[in-house]
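As a plain string of letters, each chain reads:
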Amino acid sequence: MVDVFSTPIVVMMILGAVGMALPVINVLRREQGSNTFYAAIAFGALAAAIAFVLHQLAMGYVSATDVLSGDVIADDMLGSFFAIAMLIVAVFTTISSFSYMRGKKYPAVYYSLILLSTIGMVMVAYSNDLVVLFVAWELMSIPTYVLVGFNKRDPASNEAAIKYFMFGALASAVIIYAISIAYGLTGTTDIGGVIAGLGAIDASLVPLALLSGGLFIAGFGFKMGLVPFHMWLPDTYEGSPPPVAALLAAGTKKAGFAAAIRIVVIGMAALSIDWSLALAIIAVMTMTVGNVAAIMQKSISRMLAYSSIGHAGYILIGLAVAPYSASALPGTLLHVLNHAVMKGAAFVAIAGLVVALAATHIEKLRGLGRRMPITAIGITVSLLALAGVPPLNGFWSKLVLFGAAIDAGQEVFWGPWLAIAGVLNSALSLAYYGWIIRKMYFEDEAKAPRVHEPRAVVAVMLFSIAFIVGLGVYPEPAIEFARSAAPLVGIMP
Amino acid sequence: MTNELVDFTLVSVALLCIGIYGLAVKRNALRMLFAVEIVINAANLNLVAFARFVPDSGGQTLALFSIAVAAAEVAVGLGLIIVAYRMYRDVDVAKFRTLRG
């Protein structure tokens, strides 16, 4: 049974209480209120939630990952790992909103929606029952539809929100349809029960099980931005407020992977049907489409959106080879954490650009190294880490992921090819990241004046530079943590 | 008994196909919203029908949750569409073209 003081329940209570109190405070104060006030409250709640998750981990109260435990909400390492990544991203979003939301309307609602969406993400990571998973998924998604369209006088923001809403609602509908079939086949909504039940179904019903699995992948794939479900993603990331884009790219996307690890990967092993090749093909398509399209972009937020699609492909490598290599899921988790920080930092930097220069066009980045030195260093470090340059953290997670793919080559012929595709794509991505870095540091004819960097953005930049370089120089603790959090998947014969 | 279940499932699959067809073909935001609703209701029909045939009432619980959540989702979606209508005086998604790659 789930204890009332287990990690997910307490995190949900902290964030939920504060998230629902914020609009009430707004009404009681009978004024719009200052952005800083509400941001500080939201930041406090998120910091308390992170502190609690870390405390539970440090005290050893968190159980090892066990999908078959039968709990509705699993207080396990896998959930805690994702919860930390998502809470860090929510903190990034909140801090960058200190400067982005200044002078904008309805700050209380904005931070309340961020907190509610964060609860949804965290609960997706912890959920061990399809009912909880679905409700948490919707709790995560619905606030983000509003957040993307938060600049409601801006046609781009509204268009982004409508596209995101249409695809997101379809994704939810597809997921509930997949759940309904899985429930019909096994007669339970417990994920462990579903997986055990699917292993024992009649052979004539296997096509239905495949349909259910395929719909799950499609539904989660919409949020993860897998090709061919990625059409909404660049428009949405470009049109939404940049702090919200950070939340989407680094937060809700990872919730898709958390759910996929619990259901698809483990269910795949139980069904003893080989989906790996299908996932591998999607992975290669996703990273190639993302990276090739990123080269042609003129807006840095759109480029990062495509690069985010590319990274979904790298992470999917881990899911594809999970049945064949013990280091695949740890690699996946490590890259999820690293990508959350790298991409979160990059989008926060864009929020800083929008506040200080009101521009996201790449030509406007000229001379940024002199005009906004700390933001420029933050962008440089996070882009190099995204490309996987040693000794930054992105290098280690890619190394583990591609190593797992080569390792899987002993079982399946396409394993090493996945690794080669990943390396080629990383090289390709270095080209367009390098182009941005060149614009920032080596093209500075205009001698535009130095501009004030928003302090909140500088704080996030300093933290993420420390995180990226720190984990790059000393990656062992993160790798150990990822290894202890990854569920064991039956290695296929 | 089992044949009834097949009937329910066939209706539900038909609804799923109608919903996805609607999303793929229609360009009116409201019609697309209806199409999503049809898919969600196909799933609800499945859940309730299956709950009748398996010894577990979890399906009906989930169907109730799903109806409530879908209502919240539609409320948000309609809000976004109203904002778009104020700006464009239209709900044709093909006309929302500020963002190009």
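Small disclaimer: the values here were computed from a predicted structure and weren't measured.

Thresholds applied
Each chain has its residues counted from 1, following the order in which its sequence is written. Each chain gets a letter, beginning with A, and each ligand a number, beginning with 1, in the order they are written. A pLDDT threshold of at least 70 governs which residues receive local features in this predicted model, and a stricter bar of 80 or more applies before side-chain atom pairs are shown or counted, although totals over entire chains, interfaces and linings include all residues. Only hydrogens and water are set aside; all other atoms, that is, all heavy atoms of the structure, feed into the side-chain values. Numbering goes from the N terminus for both helices and strands, where a helix is a DSSP run of H or I of at least four residues and a strand is a run of E of at least two. Our radius of gyration looks at C-alpha atoms and nothing else; its globule reference is 2.2 Å times the residue count to the power 0.38. Each residue is placed in one exposure class: buried if its accessible area under a 1.4 Å probe, protein chains only, is under 20% of its type's maximum, exposed if it is over 50%, and partly exposed if it falls in between. Contacts were defined at the residue level, with two residues in contact if any of their heavy atoms lie within 4.5 Å. For the accessible areas, the method is Shrake-Rupley and the probe is 1.4 Å, while residue cover comes only from the protein chains on display. A positive count includes Lys and Arg, and a negative count includes Asp and Glu. His and the chain ends are not counted in either. The location of each charge is read from NZ of Lys, CZ of Arg, CG of Asp or CD of Glu. Pairing of aromatic side chains here covers Phe, Tyr and the six-membered ring of Trp, requires ring centres within 6.5 Å, and sorts the geometry by plane angle: under 30 degrees stacked, over 60 edge-to-face, intermediate tilted. Throughout, the accessible surface (probe 1.4 Å) given up by two parts as they are put together, summed over both, is called the buried area. Every case where a carboxyl oxygen of Asp or Glu lies within 4 Å of a side-chain nitrogen of Lys or Arg is listed as a salt bridge. Amino acid classes used here: Ala, Val, Leu, Ile, Met, Phe, Trp, Tyr, Cys and Pro are nonpolar; Asp, Glu, Lys and Arg are charged; the rest, including Gly, are polar. Think of a polar contact as two N or O atoms within 3.5 Å of one another; within protein, one of them needs to be a possible hydrogen donor and the other a possible acceptor, and neighboring residues in sequence only count if both atoms come from side chains. Only buried residues count toward a nonpolar core, which is a set of Ala, Val, Leu, Ile, Met, Phe, Trp, Tyr and Cys residues joined through side-chain atoms within 4.5 Å. Patches here are clusters of residues that have more than 30% relative accessible area and form no salt bridge, with a 9 Å joining cutoff for like charges and a 5 Å cutoff for nonpolar side chains (Val, Leu, Ile, Met, Phe, Trp, Tyr).

1. What to know about the overall build of chain A
(1) Moving on: Looking only at helices and strands, chain A has 19 helices and zero strands in total.
(2) Moving on: Scaling as 2.2 N^0.38, a compact globule of 493 residues should have a C-alpha radius of gyration of about 23 Å, and chain A matches this with 21 Å.
(3) Moving on: Counting every position in chain A, which comprises 493 residues, the buried fraction comes to 66%.
(4) Moving on: Intrachain contacts of chain A at a sequence separation of at least 6 include 81% that bridge at least 24 residues.
(5) Moving on: In the structure as shown, chain A presents an accessible area of about 15,900 Å², 71% of it carried by carbon and sulfur atoms.
(6) Moving on: Each charge class in chain A can be summarised by its mean position, and for the 26 positive and 24 negative side chains these summaries are 18 Å apart.

2. Considerations on the overall build of chain B
(1) Moving on: Scanning chain B for helices and strands turns up three helices and zero strands.
(2) Moving on: The N-to-C order of helical and strand elements in chain B reads α-α-α.
(3) Moving on: In terms of C-alpha radius of gyration, chain B reaches 17 Å, well past the compact-globule figure of 13 Å for 101 residues.
(4) Moving on: Summarising its shape, the C-alpha atoms of chain B cover approximately 55 × 25 × 25 Å along the three principal directions.
(5) Moving on: Within chain B, the proportion of its 101 residues that are buried is 41%.
(6) Moving on: Averaged over its 9 positive side-chain charges, chain B has a centre that lies 17 Å from the centre of its 7 negative ones.

3. Let's talk about the environment of His452(A)
Residue and element names in this part refer to chain A.
(1) Moving on: Structurally, His452 can be placed in the loop between helix H17 (415-442) and helix H18 (455-473).
(2) Moving on: Classification of His452 as exposed rests on a relative accessible area of 62%.
(3) Moving on: Here the alpha-carbon distance between His452 and Met372, two residues 80 residues apart in the chain, equals 7.3 Å.

4. Observations concerning the packing of aromatic side chains
A ring pair, where both rings are aromatic, is described by two values, the distance of the centres and the angle of the planes.
Residue and element names in this part refer to chain A.
(1) Moving on: Enumeration over the complete set of coordinates arrives at 20 aromatic pairs over all chains.
(2) Moving on: Taking 5.1 Å as the distance between ring centres and 90° as the angle between the ring planes, the aromatic pair formed by Tyr110 and Tyr111 counts as edge-to-face. Both residues of the pair, Tyr110 and Tyr111, count as buried.
(3) Moving on: Summarising the aromatic geometry, the rings of Tyr237 and Phe347 are spaced 5.8 Å apart at their centres and angled 90° between planes, so their arrangement reads as edge-to-face.

5. A few points about the interface of chain B and chain A
(1) Moving on: In this complex, chain B contributes 42 residues to the contact, which on the side of chain A involves 39 residues.
(2) Moving on: With both chains or domains summed, chain B and chain A bury close to 3,400 Å², and 78% of this area falls on carbon and sulfur atoms.
(3) Moving on: For the interface between chain B and chain A, the tally reads zero salt bridges.
(4) Moving on: For the side of chain B that touches chain A, the element with the highest residue contribution is helix H3 (residues 58-88) of chain B, accounting for 16 residues.
(5) Moving on: Its residues placed into classes, the side of chain B that touches chain A shows 29 nonpolar, nine polar and four charged.

6. Points about the side chain of Thr375(A)
Residues and elements named next belong to chain A.
(1) Moving on: Tracing the backbone through its elements, the reader meets Thr375 in helix H15 (residues 373-387).
(2) Moving on: Take Thr375: its relative accessible area is 0%, and that puts it in the buried class.
(3) Moving on: Separated by 2.6 Å, the side chains of Thr375 and Glu453 make a polar contact.

7. A short note on the pattern of salt bridges
It is possible for side chains bearing opposite charge to pair when their charged atoms get close.
Residue and element names in this part refer to chain A.
(1) Moving on: In total, this model carries twelve salt bridges over all chains according to the counting rule given.
(2) Moving on: The partner of Arg366 in a salt bridge is Glu363, with the nearest N and O atoms 2.9 Å apart.
(3) Moving on: A relative accessible area of 32% places Arg366 in the partly exposed class.
(4) Moving on: What emerges from the salt-bridge pattern is a single network uniting Glu159, Lys163, Asp235, Glu238 and Arg302.

8. Observations concerning the nonpolar core
Residues and elements named next belong to chain A.
(1) Moving on: Phe216 and Phe220 are the most contacted members of the largest nonpolar core, which has 228 residues in total.
(2) Moving on: When residues in this core are grouped by element, the largest group, 20 residues, is from helix H6 (residues 155-186).
(3) Moving on: Once residues within four sequence positions are removed from consideration, Phe216 is found in contact with Leu130, Ile175, Ala178, Ile179, Ala182, Gly221, Ile263 and Val264.

9. Quick word on a nonpolar patch on the surface
(1) Moving on: A contiguous nonpolar patch, built from Phe413(A), Trp417(A), Ile420(A) and Leu424(A) and spanning about 520 Å² of accessible area, is present on the exposed surface.
(2) Moving on: Within the secondary structure, Trp417(A) is located in helix H17.

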